[in-house]
Amino acid sequence: MLAFLVAFGLGVAYVLMYHGPTKGHGRNGGTAAGQGGCGGAAPVRAVASPEFAPVVATVAGGINKSKGCNAVEVSSRPAADLLGALRAGSEPVPDLWIADSSMRLQQAAAVLGDRNPYPLTGTPTAFSPLVVAAPESVAIAQKWFEKPPDWVTFLNRIDDRTLPRFTVSSTRTTEGLLGVVALTASMSAMNNDPMVAAMKTFAFRSNISDAETPAATLMSKSSGMSDPQQALNEVGAFAVTEQALWAYDHNHPGVPYVPLYPSGTLVQADYPAVLSQSASADKRTADRANEVLGALRSADGMKAVAQAGFRGPDQQPPPALSQTVRFAPPTPQQAAPSGDLSQVAKMVQAWADYKPMPFRVMILVDGSGSMNEPVKGKDGKTKADIMRESSIETTQLLGKTTEVGVRQFAVSPTQKGPWVERVPEGPLDEKLSGGASRKETVTKTLTTLAAQNGAGTPLYRTVLDAVADAQKSYDPAAFNQIFLLTDGKDEDTAFSMAKPAFLAQLQKLQNPQKPLPIFAVGYGANADMATLTDIAKATGGLAVPSTDPGDLIKAIAQILVHVRPTG
């Protein structure tokens, strides 16, 4: 016979179940009697996320007072710490766990495996959306109150130094976990290809200045400041829960931080309550847990939730604290992205495991006449059109730790040599003459490159020169590589040579102490993929075809995943 523990939110019934006794196993493998509490029964041991634990303690205190005994014990524990302790077997399993996010239940399954005592779904008890906190002055200047930014906008403002510092905390924190979930969901929504979405997420990770410091530490630092510019330079913007930011601004700091709700993606902490397997097998424990959930859903419980800055089932936001420090209106419930949450959990782990990987990339771009040939089925678009259209998104895949240079190769009346250097190699965030960053210059160069009608293709000579030059400037601390963007035909120049002779020279340039893979992208259905594949094989690289802008972005993502697996 099943007894149900029911809590209600947004008109939906959420349940925790009493499953009946499990033969041979009491709570935590022992017996519940003789340990104090009420009527000789052990108290329900409840553990809650630190920011929500005071609310749980308030309602549990009411239950204990009404019963005149210690029916419920509440302790505060970050989810990551609890999972670490359970994995090590260093403490008993809590009967009732109120985590910060349903994603933690996925992590519990991944971390604890067969020893996981909790179900994959729980009963939401309160809500707090993820926001990006920014100094009020920046939000006003960027007009973000009129048009909420998305995550790509934040990335662009990091690039142009409007936001000199940006933090998504460690995934051990609530805001760090939700930040990665939000980024993953946002990039997946904008990119159908999983590899492209993953690499854009990693590019964001590469560009942020801090991926460790908790939001609480940043708010503590900014609370002692009175100058908005100092706060921007030394603290910057950061991901944080709405409740935590409300609590900060509630104290009227010298530099107010305003909540920005990234457009297109809503991710919330939903504080799910779950019973352990052993607790759910004990009817008395299940009934007591039901009392805790019922108390949280009562009028007094909802008052305690709201007074602490959380949202209840009605999704009403905390009260505004000023004209600009205002919180969003009620929103549809969306505690986590839909779909396979286990895959999102893997991305969260990949983010946590991320290590900066410096790249040095020489980009070789075909500027010969054959690049002006139309691609079949693309409404007259040429190979060069495809390359130009995809350049902005392609450069977004490259992180801040990347050094890039651009060479264009062709032979024509106006370009006699096999290639010309369009952008000298160096860090993407470095300022060049004129004030633009190298990343901006690379993007502009690639989006405006024009193929020359009648120009020949000195492909082989360009590749050999690039390898020789890259060997001379080789950085052993970085991943050195060459991107070759071409239709793959060496023809119509004084630099042309037989393919066997070229491959022999290319092989001779290889140095095991200085690996230099060539990643080739062949444009159009007539691209000489056989030659590009031979080049890739000789250097330890990869060759992929491209017939539209989306294909090129996928190809670059495939190349980067080849170097950095995403899990």
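Procedures and definitions
Within each chain, residue numbers correspond to sequence positions counted from 1 in written order. With the structure being a predicted model, the display of local features is reserved for residues of pLDDT at least 70 and the display and counting of side-chain atom pairs for 80 or more, all residues being used for whole-chain, interface and lining totals. Side-chain measures were taken over the full set of non-hydrogen atoms in the model, leaving aside hydrogen atoms and water. The disulfide criterion is simple: two cysteine sulfur atoms within 2.5 Å. The helix and strand labels rest on DSSP assignments: H or I over at least four residues marks a helix, E over at least two residues marks a strand, and numbering proceeds from the N terminus. Buried means the residue's accessible area, taken with a 1.4 Å probe over protein chains only, is under 20% of the maximum for its type, while exposed means over 50%, and partly exposed covers the values in between. The pairing criterion for strands is at least two bridges between them, as found by DSSP. Lines are fitted to the C-alpha atoms to define the axes, a helix being fitted only along its stretch in contact, and any angle between axes, read from their N-to-C directions, falls within 0 to 180 degrees. Two residues form a contact once any of their heavy atoms are found within 4.5 Å. Take the buried residues of types Ala, Val, Leu, Ile, Met, Phe, Trp, Tyr and Cys, join any two whose side-chain atoms come within 4.5 Å, and each joined set is a nonpolar core. Here the aromatic set is Phe, Tyr and Trp, taking the six-membered ring for Trp, and pairing holds for ring centres within 6.5 Å; pairs whose planes are under 30 degrees apart are stacked, those over 60 apart are edge-to-face, and all others are tilted. Put simply, a charge is over a ring when the Lys NZ or the Arg CZ is close to the ring centre, within 6 Å, and near the line of the ring normal, within 35 degrees. Any carboxyl oxygen of Asp or Glu that lies within 4 Å of a side-chain nitrogen of Lys or Arg is treated as forming a salt bridge with it.

(A) Spatial organisation of the state of the cysteines. Overall, the coordinates contain one disulfide when judged by the stated rule. Across the disulfide from Cys 38 sits Cys 69; the S-S distance is 1.6 Å. Taking the torsion about the S-S bond as the criterion, the Cys 38 to Cys 69 disulfide, at about 95°, is right-handed. Of this pair, Cys 38 sits in strand S3 (residues 33–38) while Cys 69 sits in the loop between helix H1 (53–67) and strand S5 (72–76); the two residues are 31 residues apart in sequence, bridging distant segments of the chain. Assessed through its relative accessible area of 6%, Cys 38 is described here as buried.

(B) Focus on the sheet that holds strand S14 (residues 359–366). Spatial strand order, S16-S15-S14-S17-S18-S19: six strands in an open sheet with mixed pairing. The sheet terminates laterally at strand S16 (419–427) and strand S19 (542–546), the two strands that pair on one side only. Within the sheet, the average angular offset between the axes of one strand and its neighbour, ignoring direction, is 15°. In this structure, strand S18 (residues 518–523) lies alongside S19, joined through five bridges in parallel fashion. Across the sheet, residue Val 521 finds its bridge partner in S19, namely Val 544. The strands touched by helix H15 (residues 383–396) within the sheet are S14, strand S17 (479–486), S18 and S19, with S18 carrying the most contacts at an inclination of about 125°. Set on the sheet, helix H16 (residues 438–448) makes contact with S14, strand S15 (402–409) and S16; between it and S16 the angle comes to about 155°.

(C) The nonpolar core, seen in detail. In terms of nonpolar packing, the biggest core is built from 86 residues, with Phe 52, Trp 151, Phe 166 and Phe 204 touching the most fellow members. Residue contributions to this core peak at seven residues, all from helix H6 (residues 174–190).

(D) Focus on the sheet that holds strand S7 (residues 123–124). Taken together, five strands build an open sheet; the order of strands is S5-S4-S6-S13-S7 and the sheet is mixed. Since the sheet does not close on itself, it has two edges, and those belong to S5 and S7, each with one partner. Contacts from H1 reach strand S4 (44–48), S5 and strand S6 (96–98) within the one sheet, and its direction differs from that of S5 by about 165°.

(E) Quick look at the packing of aromatic side chains. Counted according to the given criterion, the structure contains 14 aromatic pairs. When the centroid spacing of 5.8 Å and the interplanar angle of 80° are considered together, the rings of Phe 166 and Phe 204 count as edge-to-face. Note that Phe 166 is positioned in strand S9 (residues 166–167) and Phe 204 in helix H7 (residues 194–207), a separation of 38 residues in sequence. Judged by relative accessible area, Phe 204 falls into the buried class, the value being 0%. Through pairs of rings, three or more aromatic residues link up here, namely Trp 144, Trp 151, Phe 154, Phe 166 and Phe 204. Geometry around Trp 351 places Arg 205 over its ring, the cationic atom sitting 5.9 Å from the centre. The ring of Trp 419 carries the charged tip of Arg 407 above its face, separated from the ring centre by 3.7 Å.

(F) Examining the pattern of salt bridges more closely. Under the defined criterion, the tally for this structure stands at 19 salt bridges. The closest approach of N and O atoms between Glu 242 and Arg 311, which form a salt bridge, is 2.7 Å. In this pair, Glu 242 sits in helix H10 (residues 242–250) while Arg 311 sits in the loop between helix H13 (299–307) and helix H14 (341–352), placing the two residues 69 residues apart along the sequence. Of the two residues, Glu 242 and Arg 311, neither departs from the other in class, the shared state being buried. The shortest N-O distance in the salt bridge between Lys 283 and Asp 287 comes to 2.9 Å. Remark: Asp 287 and Lys 283 occur in helix H12 (residues 283–297); sequence separation between them is four residues, near one turn of the helix. Each of the salt bridges in this network shares a partner with another, and the network as a whole consists of Lys 67, Arg 288 and Glu 291.

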